[in-house]
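Chains, contacts and geometry: an overview
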Amino acid sequence: MAKKFFQLPRLVQIILLILPIVGWIVELVIRWSAVLEKFTLLNLVAALVYTFLGWGIVLQIVDIIWIILFKHLFLTKA
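As the structure is a prediction and not an experimental result, all values here were calculated from the model.

Attention now goes to the packing of aromatic side chains. Each aromatic ring pair is specified by the distance between its two centres and by the angle formed by the two planes. Under the counting rule described, the total for this entry stands at three aromatic pairs. Taking the centre distance of 5.7 Å and the plane angle of 65° together, the rings of Phe-5 and Phe-6 count as edge-to-face. Phe-5 gets classed as buried once you look at its relative accessible area, which sits at 5%. Between the aromatic rings of Trp-66 and Phe-74, the centroid separation amounts to 4.8 Å while the plane-to-plane angle is 75°, which identifies the pairing as edge-to-face. The class for Phe-74 is partly exposed, based on a relative accessible area of 25%. Aromatic ring contacts, followed pair by pair, group Trp-66, Phe-70 and Phe-74 into a single cluster. Directly above the aromatic system of Tyr-50 lies the positively charged group of Arg-31, at a separation of 3.6 Å from the ring centroid.

Structure below.
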């Protein structure tokens, strides 16, 4: 699921992350699928942090900027 998300156009990724509740759900799905697809400690820690603190708008803004600059979510590679 994470690889498919990263193959989407950047505009679609940003739109999915900008919406408040939808963005948090999308991030959870992507981060936990990244843990399942490619288990690393960094992916696991990022998934746990975003599970409990990811509903905040600050982390979503960080992810949007990170996608624009580096083409993946902050602390998550699939």
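Take the environment of Leu-48 next. Along the chain, Leu-48 falls in helix 4 (residues 41-53). Sequence separation between Leu-48 and Ile-65 is 17 residues, and the spatial gap between their C-alpha atoms is 20 Å.

You can see Gln-60 is positioned in helix 5 (residues 57-70). By relative accessible area, which is 2% here, Gln-60 ends up buried. Within the structure, Gln-60 has its side chain in polar contact with the backbone oxygen of Pro-20 (distance 3.1 Å). Setting aside its immediate chain neighbours within four residues, Gln-60 contacts Leu-17, Leu-19, Pro-20, Gly-23, Trp-24, Glu-27 and Gly-54.

Glancing now at helix 2 (residues 10-18). Every buried residue of helix 2 is listed here: Gln-13, Ile-14 and Leu-17. The buried side chains of helix 2 occupy one side of the element, clustering within an arc of 95° when seen end-on. Those residues of helix 2 hidden inside the fold are in contact with helix 1 (2-7), helix 3 (20-37) and helix 5.

A side chain of one charge can pair with a side chain of the opposite charge when the charged atoms of the two come close. Evaluation of the coordinates by the stated rule reveals two salt bridges. With its nearest N and O atoms 3.8 Å apart, the salt bridge here joins Glu-27 to Arg-31. You can see Glu-27 and its partner Arg-31 sitting in helix 3, four residues apart, about one turn around the helix. The same class applies to Glu-27 as to Arg-31, namely buried. Between Asp-63 and Arg-31 there is a salt bridge, with its nearest N and O atoms 2.8 Å apart. Separated by 32 residues along the polypeptide, Asp-63 in helix 5 and Arg-31 in helix 3 bring together distant segments of the chain. On the basis of relative accessible area, Asp-63 is assigned to the buried category, the value being 0%. Residue Arg-31 is classed as buried on the basis of its relative accessible area, which comes to 0%. Overlapping salt bridges, with partners in common, bring together Glu-27, Arg-31 and Asp-63 in one network.

Calculation notes
- Residues numbered from 1 in each chain as written.
- Predicted model: local features only at pLDDT ≥ 70, side-chain atom pairs only at ≥ 80, totals over all residues.
- Heavy atoms only, no water.
- Phe/Tyr/Trp six-rings, centres within 6.5 Å; stacked < 30°, edge-to-face > 60°.
- Buried < 20%, exposed > 50% of the residue type's maximum accessible area, 1.4 Å probe, protein only.
- Lys NZ or Arg CZ within 6 Å of the ring centre and 35° of its normal.
- Helix = DSSP H or I, 4+ residues; strand = E, 2+ residues; numbered from the N terminus.
- Polar contact = N/O pair within 3.5 Å; in protein donor to acceptor, adjacent residues only side chain to side chain.
- Contact = heavy atoms within 4.5 Å.
- Arc of directions from axis to C-beta.
- Salt bridge = Lys/Arg side-chain N within 4 Å of Asp/Glu carboxyl O.

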